[in-house]
Amino acid sequence: QVRLVESGGGLVQPGDSLKLSCAASGVRGDVLSMGWYRRTPGSQREMVATVSTTTGTNYADFAEGRFTISRDKSKNTMSLEMSSPKPEDTAVYYCKAVIHPRGILRFDDYWGQGTQVTVSS
């Protein structure tokens, strides 16, 4: 059973840096892409950044230039470096993986439980 576990969230002051990590376990297939999404109270979940074997990295406008996504394919891990976070970056951050199960013609989405990031002085 595939499981995604996020870590690294917490309280950070504006202008400091924070690194989120995600580890996928139980993968039996190809991880086609991984990504970070976030949800703030009262809003829908939105894409922060994704990394794909075919299309490379993609960032939301608010993340471009401030956040850096990276992935270790051999370990099925992913991270998000948040530089100069702002109070409006306060949200629950979720890890997502799109997996092609071995021998099966379909793609499955998996989500982590989320990690809270609070940016406040």
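The structure presented is a predicted model; accordingly, all values stated were derived computationally and were not measured. Within each chain, residues carry numbers counting from 1 in the order of the written sequence. Per-residue local features are limited, in this predicted model, to residues with pLDDT of at least 70; the limit for side-chain atom pairs, both in listing and counting, is 80 or more; totals at the level of whole chains, interfaces and linings are taken over all residues. Only hydrogens and water are set aside when side-chain values are computed; all heavy atoms of the structure are taken into account.

Remarks on the pairing of strand 4 (residues 29-39)
Point 1. Here the term buried applies to any residue with accessible area under 20% of the maximum for its type, exposed to any over 50%, and partly exposed to those in between, with areas from a 1.4 Å probe on protein chains only. Runs of E in the DSSP output that reach at least two residues are strands. Runs of H or I that reach at least four are helices, and both are numbered from the N terminus. Burial analysis of strand 4 places eight of its 11 residues in the buried class, which makes it a mostly covered element.
Point 2. Following DSSP output, two strands are said to pair if at least two bridges run between them. Both strand 4 and strand 9 (residues 91-101) contribute to a ladder of 10 bridges, which runs antiparallel. Directly across from D30, in strand 9, lies its bridge partner H100.
Point 3. Of the pairings in the sheet, the one linking strand 4 to strand 5 (residues 46-52) comprises six bridges and is antiparallel in character. Residue pairing in the sheet places W36 in a bridge with A49 of strand 5.
Point 4. Remark: six residues form the turn of the hairpin made by strand 4 and strand 5, two consecutive strands paired antiparallel; G42 in that turn has positive phi of roughly 80°.

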